[in-house]
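Observations on chain architecture
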Amino acid sequence: MHEDIIFSSVSQTGFASTTGYSPLITSTDMKPEQAEARKLATFLETGQTLAGTFTLKSAISRVLETLERHHGMMRGVVMLLDSETDELRITASHGLDERGVRQIKYRIGEGITGRVVETGKPVVVPQVSREPMFLDRLGLRKTGTSRQELTFICVPILVNRKPVGALGVDLRYKADRDYERATKFLSIIASMIAQAIKVDHLIENDKQRLLDENTHLKQELRERYDFSHIIGNSNPLRQVYEQVTQVARTNTTVLLRGESGTGKELIAHAIHYNSLRANKPFIKVSCAALPETLIESELFGYEKGAFTGAQTRKKGRFELAEGGTLFLDEIGDLNISTQIKLLRVLQEREFERLGGTDTIKINVRLVAATNKDLGKAIAEGQFREDLYYRLNVFSIFMPPLRERKSDVLLLADHFLEKFAREHGKQIKRISTTAIDMLASYHWPGNVRELQNIIERAVLVCETGVIHGHHLPPTLQTAEKSGTITRLSLDRAVGAYESDLIQDALKTTRGNRKRAAQMLDTTERILGYKVKKYGIDCDRFRF
């Protein structure tokens, strides 16, 4: 016998080997060429089935049907190992009662099937009725003298040379069957099933990884746009927090007003990720960035052939945001024709794609933002009044940074930590002089300008402290930095010296003696410099 095939000890005595060709069960008059052609056809059909669009269970069931149709298999079963319980359970079967097989399970090493998975080698039982190890938990196979004798062949399913299950088939007993050939044939089928299982596991693992990543990213977004992550505690910003809390969990249209760079997009994100639509898409459109000829197709999509170059149908942003939130930034730049169509969407909650006739219903929450005076735009005929009233259901005004002076230092520290980490620099703080310069600036570019200034300061700073000379010239006034139109060496040195002394006093909380030690000088000299530069030590005693 073949050394890789295990024959049951009892049944082996009644087994007759033959050199004739009989892959599973064929007609006695079937020629070897016909049997070979049928075998190849089975391989082809099995490969196509396993590579098709079926689920793994239905694909394996179809493979078992093929074995029954082409090779006379009476019953067949594929059992796979449950990774959690280490038990073998039926994944697919043919010729068995579906309700009965759900309860069938084997431990590794239990019965013939468990033995195959344990050893990784095929087992042949030529006569089932004579095999005491055959458990037959369905009660279908062991026969009496009045029933037909059966043969059972079970082969392992190996993935990466490790048994993960078994393929077992029932055949009518034939004394002259070539079991070695039949086992090899079934082993090839089992290897094809194993490859399908491996691919299915890879796909499932990828799906799970993507789901986990998606869940993780959504959680990150929720945390990033949580109210606690919006920097600032000034009174104007607290009012914004209250308004966002009031409107977030509703479906109300929101209009965000304020200068450029005040954080309108950040608030739009906060509204979405704190709403009931947080698990749905958040789609952003910059109306100012798109030309008038494209804005309508971007918002509403288009049908194939709607215009030159429209080769396929394309969904618009409204469709992509279905169930979620659509954020229209700089809505004051929309052209009049698009405003008319947007008005209808807000009123009827429906639209047609460009070049199409089918009406599309939508469930989208709209958040719009603008830095323009829409009242003035209405008076000049650049913005529709009826659309304005549709958008202005709940209005939130974002205060400019010059009205949030108490938030400047908080924001500066936040950006310092962020950019120091990004650029791999060990910058711990901002000097007192630099803080004074930041506090006295009028910030025409608002938070965005502050962010850019701090990033530049981090890049040019080579020490652990950002000083006034690290800030751009627009912040370095003559009063704060000691620069004048005709710069003198004495003034430049004095400004730098004053900066160092104020830093030392800040660190020591106004203690002149400790500050002098830090600067490697005497307390008398430090006192002279403090008087010379008009530094108030009491301001550092906190």
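Residues numbered from 1 in each chain as written. Predicted model: local features only at pLDDT ≥ 70, side-chain atom pairs only at ≥ 80, totals over all residues. Heavy atoms only, no water.

Here we look at the overall build of the protein chain
Helix and strand content of the protein chain: 19 helices and 16 strands. The buried share of the protein chain, reckoned over its 542 residues, is 45%. In the protein chain, once contacts between residues fewer than 6 apart in sequence are set aside, the share between residues at least 24 apart is 68%. Carbon together with sulfur atoms contributes 49% to the accessible area of the protein chain, which is approximately 28,700 Å² in total. (Helix = DSSP H or I, 4+ residues; strand = E, 2+ residues; numbered from the N terminus. Buried < 20%, exposed > 50% of the residue type's maximum accessible area, 1.4 Å probe, protein only. Contact = heavy atoms within 4.5 Å. Areas by Shrake-Rupley, 256 points an atom, 1.4 Å probe, with all protein chains shown as cover.)

Description of the environment of Phe 397
Mapped onto the fold, Phe 397 is located in strand 14 (residues 394–397). Looking at Phe 397, the relative accessible area reads 40%, which means it is partly exposed. In contact with Phe 397, not counting residues within four places along its chain, are Val 240, Gln 243, Arg 257 and Gly 258.

Concerning the side chain of Thr 151
Counting through the fold element by element, Thr 151 comes out in strand 6 (residues 150–159). Residue classification places Thr 151 among the buried residues on the basis of a relative accessible area of 0%. Looking at Thr 151, its side chain comes within polar contact range of the main-chain oxygen of Pro 126, at 2.5 Å. Setting aside its immediate chain neighbours within four residues, Thr 151 contacts Val 125, Pro 126, Val 128, Val 169, Asp 170, Leu 171, Arg 172, Tyr 173, Lys 174 and Tyr 179. (Polar contact = N/O pair within 3.5 Å; in protein donor to acceptor, adjacent residues only side chain to side chain.)

Points about the pairing of strand 10 (residues 325–329)
Taken across its five residues, strand 10 has five buried, putting it largely inside the fold. Here strand 10 shows a buried face lined by Thr 325, Phe 327 and Asp 329 and a second buried face lined by Leu 326 and Leu 328. For strand 9 (residues 282–286) and strand 10, the ladder comprises five bridges, and the chain directions are parallel. Bridge assignment links Ser 286 to a residue of strand 10, and that residue is Asp 329. Relative to strand 13 (residues 365–370), strand 10 runs parallel, the two being bridged by four bridges. (Pairing = 2+ DSSP bridges.)

Quick look at unusual backbone geometry
Within the chain, Arg 349 stands out as a residue other than glycine whose phi angle is a positive 60°. Tracing the backbone shows Arg 349 in the loop between helix 10 (336–348) and strand 11 (350–352). Overall, Arg 349 belongs to the partly exposed group, its relative accessible area being 27%.

Quick notes on the confidence of the model for the protein chain
It should be kept in mind that the predicted coordinates are not to be read in detail where pLDDT is low. For the protein chain, per-residue confidence averages 84 on the pLDDT scale, and residues scoring 70 or more make up 88% of the total. Taken as a whole, residues 9–23 scores under 50 in pLDDT and shows 39 contacts with residues more than four places along the chain or in a different chain. This model gives residues 480–485 a pLDDT under 50, and the stretch forms 15 contacts once residues within four places in sequence are excluded. (pLDDT = per-residue confidence, 0-100.)

Details of the pattern of salt bridges
Following the criterion strictly, the structure yields 27 salt bridges and no others. Linking Lys 361 and Glu 350 is a salt bridge whose minimum nitrogen-to-oxygen distance equals 2.6 Å. Linking Lys 361 in strand 12 (residues 359–361) with Glu 350 in strand 11, this pair joins segments that are eleven residues apart in sequence. Among the charged side chains, a salt-bridge network with shared partners connects Glu 303, Arg 313, Glu 319 and Arg 353. (Salt bridge = Lys/Arg side-chain N within 4 Å of Asp/Glu carboxyl O.)

Focus: the packing of aromatic side chains
Evaluation of the coordinates by the stated rule reveals ten aromatic pairs. An aromatic cluster is defined as three or more aromatic residues linked by ring pairs; in this entry it consists of Tyr 273, Phe 282 and Phe 327. (Phe/Tyr/Trp six-rings, centres within 6.5 Å; stacked < 30°, edge-to-face > 60°.)

Brief notes about the sheet that holds strand 13
Read from one edge to the other, the open sheet built from five strands follows the order 9-10-13-8-14, with strand pairing classed as parallel. This sheet does not close on itself; its edge strands, each paired only once, are strand 9 and strand 14. Strand after strand, the sheet turns through a mean of 20° between neighbouring axes, direction not considered. (Axes fitted to C-alpha atoms, helices over the stretch in contact; angles between N-to-C directions.)

A word on the packing of helix 14 (residues 432–440) against helix 17 (residues 489–507)
Packing of helix 14 against helix 17 brings their axes to within 8 Å, and their N-to-C directions diverge by 100°. Of the possible angle classes, the one that applies to helix 14 and helix 17 is roughly perpendicular. Contact residues: helix 14 offers Thr 432, Thr 433, Ile 435 and Asp 436, while helix 17 offers Asp 499, Gln 502, Asp 503 and Lys 506. By residue class, the composition of the contact of helix 14 with helix 17 is one nonpolar, three polar and four charged. (Parallel < 35°, antiparallel > 145°, perpendicular 65-115°, else oblique. Nonpolar A, V, L, I, M, F, W, Y, C, P; charged D, E, K, R; others polar.)

Observations concerning the nonpolar core
Core analysis: the biggest nonpolar cluster contains 31 residues, and Val 78, Ile 153, Ile 157, Leu 167, Leu 186, Ile 189 and Ile 193 have the highest contact counts within it. Going through the elements one at a time, helix 1 (32–50), helix 2 (56–71), strand 2 (75–81), strand 6, strand 7 (162–172) and helix 5 (179–224) are the ones with two or more residues in this core. In terms of residue count, the dominant contributor to this core is helix 5 (ten residues). Membership of the second largest hydrophobic core comes to 29 residues, among which are Ile 362, Val 364, Leu 374 and Ala 377. (Core = buried A, V, L, I, M, F, W, Y, C linked by side-chain atoms within 4.5 Å.)

As for the environment of Ile 104
Tracing the chain through its elements places Ile 104 in the loop between helix 3 (98–101) and strand 4 (105–107). The class for Ile 104 is buried, based on a relative accessible area of 11%.

Comments concerning the packing of helix 8 (residues 292–300) against helix 10
For any two helices packed against each other, the geometry is given by the interaxial angle and the distance between the axes. Look at helix 8 against helix 10: their axes get within 10 Å of each other, and the N-to-C directions meet at 15°. Taken together, helix 8 and helix 10 sit at an angle that is classed as roughly parallel. Here helix 8 runs over helix 10; the crossing is left-handed. Each of Ile 295, Glu 296, Leu 299 and Phe 300 in helix 8 lies in contact with helix 10, whose residues at this interface are Thr 338, Lys 341, Leu 342 and Val 345. (Left-handed = near helix turned anticlockwise from the far one by under 90°.)

A short note on the pairing of strand 6
In terms of burial, strand 6 is largely enclosed, as nine of its ten residues are buried. Across three bridges, the pairing between strand 5 (residues 123–125) and strand 6 is antiparallel. Bridging across to strand 6, Val 123 finds its partner in Cys 154. Here strand 6 pairs with strand 7 via ten bridges, running antiparallel. The partner of Ile 157 across the bridge, within strand 7, is Gly 165. In sequence, strand 6 turns back onto strand 7 through a hairpin of two residues, with Asn 160 there showing a positive phi of about 55°.

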